[in-house]
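Listed below are the residues making up each chain.
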Amino acid sequence: MNSAIHQLIGQQCNDWTQCGENYSALTTVEIQDFEVNGFSFKVQFNPKRIQSSAAKVDSKSILERKCFLCEQNRPSEQIGIPFTSKKGNSYSILVNPFPIFRQHLTIPSTSHQDQRIEGRIEDMLELASITDDFLFFYNGPKCGASAPDHFHFQAGNKGFLPIEVNIEKILASETTQLDVIAYSLDSYPAKAVILKSADSNEISEWFRQFYHKFEAVSDDKEEPMMNLLAWKTDDLYYLVIYPRKAHRPKQFFAEGEDNLLISPASIDFGGAFITPLEKDFRKITSKDIADILQQVTISEETFNALIHE
C-alpha cells in the first residue's frame, strides 16, 4: 500500500495543477522551533491552510454548502485508492490538495456519514499497519474537522510531527504508566494518554473503555471531544488520545492585536502549530502555544478522574 500511495501522490501532483502548485509551495513555507514545557513544538506559516483554519462548521454553514468529501462533489482531477477495512467499512485514499505534510492524505468514507470515531478505531489502526510510512489522525466533529458531516481520517508522512519523532524519549521520561499499555503525559501542555502495544486489539479495547467513560461525563452529546494520532513502527502500534473541552481558544475570536487565527486540531496537539496568517507566525510565542492548548483541553481534575476509572 505504501508504494501505491507514493505513486498516487506523484501522479496527482503532475496531473492536477492546484495540487501540484500547493505541494511545490511547501518547499518555501517557514518554520520556527519552540520549547513548550520542555517539549519540542514547531510553528509552520502555511497560507494555503486558511480555508481549513477558518472553516465555518456551524450547522447552518454545513447545510448551505456541498460536501467536498463526497465523490460527486470532488474535483474531476482528484482520484483515489479504494480501501475496505476488515470491519467492512469502505474508504477512498485521496491526496489532500492543501498539504501540511510533504505527503498529506485524506481518507473519507465512501458514504456520507457524520464524523464519529466510535466503531472505527480498528480501521484507523489497520490503516496504520498496512501503510506504515504514514501517521494517521482523527479530528472530532468539534475538534478541528472542517467536514464534520462526512467521516474521514487524515494522514501524513512520518518524521514531521514532534510527538511521533520523540515518542520513545517521551515515554521514558515524561509519562506515568497507567497499566500495561497506557501512559499519561505528565508535563505536556495538553492532557493526553498514550497507548502502546504490539496487539491492536488491546489498544482498541482500551480506547473503547476510555471513550465510554469520557462519554458519560461529556457535555457534548454528539461525541466526547477528542483528537487522535495513530501509527505503527516496527511491530508496535501507538495511539495518542487528546481529550478536549472546547473547539477554539479565545484568541481565535479576539480582535486587534490579541487575535490569533489558530484552530487547534490533531497536528497542533502533536507539536506542529499551523498559522495561515503571517502576522500570527511572527508574533506567536511558547506562552501562546501553552495557553491555547490549556484552554481547549480538559481540566486536570477531569483527566485524573477519567484515567483513574
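Please read all numbers here as calculations on a predicted model, not as lab measurements.

Draft legend 1. Inspection of the packing of helix α1 (residues 2-15) against helix α2 (residues 17-25) at higher detail. Their axes nearest at 5 Å, the elements α1 and α2 cross at an angle of 110°. As judged from the angle between their axes, α1 and α2 are roughly perpendicular. Packed against α1, whose contacting residues are Gln12, Cys13 and Asp15, the element α2 presents Thr17, Cys19, Gly20 and Tyr23 at the interface. Taken together, the residues that form the contact of α1 with α2 break down as three nonpolar, three polar and one charged.

Draft legend 2. How the structure looks around α1. Helix length check: α1, at 14 residues, gives a terminal C-alpha distance of 20 Å against a target of 20 Å (1.5 Å per residue), a fit within 8%. Among the residues making up α1, those that are buried are Asn2, Ile5, Leu8, Ile9 and Gln12. Buried residues of α1, seen end-on, are gathered within an arc of 120° and therefore sit on one face of the element. Counted as exposed and oriented over 90 degrees from the buried face of α1: Ser3, Gln7, Asn14 and Asp15.

Draft legend 3. Fine view of unusual backbone geometry. Of note, the phi angle at Asn37 is positive, near 55°, even though the residue is not glycine. With respect to the helices, strands and loops of the structure, Asn37 is situated in the loop between β1 (30-36) and β2 (39-45). Here Asn37 falls in the partly exposed class, since its relative accessible area comes to 42%.

Draft legend 4. Local environment of the side chain of Gln12. Assignment of secondary structure puts Gln12 in helix α1. A polar contact of 3.0 Å, which involves the side chain of Gln12, links it to the backbone oxygen of Glu77. Here Ile79 takes part through its backbone nitrogen, which lies 3.2 Å from a polar atom of the side chain of Gln12.

Draft legend 5. Main features of the environment of Phe98. Within the secondary structure, Phe98 is located in the loop between β4 (90-95) and β5 (104-108). Overall, Phe98 belongs to the partly exposed group, its relative accessible area being 23%.

Draft legend 6. Looking closely at the packing of helix α5 (residues 121-130) against helix α8 (residues 200-217). Contact geometry for α5 and α8: axes closest at 10 Å, N-to-C directions at 150°. As α5 runs across α8, the sense of the crossing is right-handed. Residues Ile121, Glu122 and Leu125 of α5 touch α8, and the partners they reach there are Ser200, Ile203, Ser204, Phe207 and Arg208. Taken together, the residues of the contact of α5 with α8 break down into four nonpolar, two polar and two charged.

Draft legend 7. Seen up close, the sheet that holds β5. Strand order across the open sheet formed by ten strands is β3-β4-β5-β7-β6-β11-β12-β10-β9-β8, with antiparallel pairing between neighbours. The outermost strands of the open sheet, each flanked by one partner alone, are β3 (80-84) and β8 (175-177). Sheet twist, expressed as the average angle between the axes of neighbouring strands with direction ignored, equals 25°. In this structure, β4 lies alongside β5, joined through two bridges in antiparallel fashion. Among the inter-strand pairings, Leu94 is bridged to a residue of β5, identified as Thr106.

Conventions adopted
- Residues numbered from 1 in each chain as written.
- Predicted model: local features only at pLDDT ≥ 70, side-chain atom pairs only at ≥ 80, totals over all residues.
- Heavy atoms only, no water.
- Axes fitted to C-alpha atoms, helices over the stretch in contact; angles between N-to-C directions.
- Helix = DSSP H or I, 4+ residues; strand = E, 2+ residues; numbered from the N terminus.
- Parallel < 35°, antiparallel > 145°, perpendicular 65-115°, else oblique.
- Contact = heavy atoms within 4.5 Å.
- Nonpolar A, V, L, I, M, F, W, Y, C, P; charged D, E, K, R; others polar.
- Expected span 1.5 Å × (residues − 1).
- Buried < 20%, exposed > 50% of the residue type's maximum accessible area, 1.4 Å probe, protein only.
- Arc of directions from axis to C-beta.
- Polar contact = N/O pair within 3.5 Å; in protein donor to acceptor, adjacent residues only side chain to side chain.
- Left-handed = near helix turned anticlockwise from the far one by under 90°.
- Pairing = 2+ DSSP bridges.

Shape is all these values report; function is a separate question.
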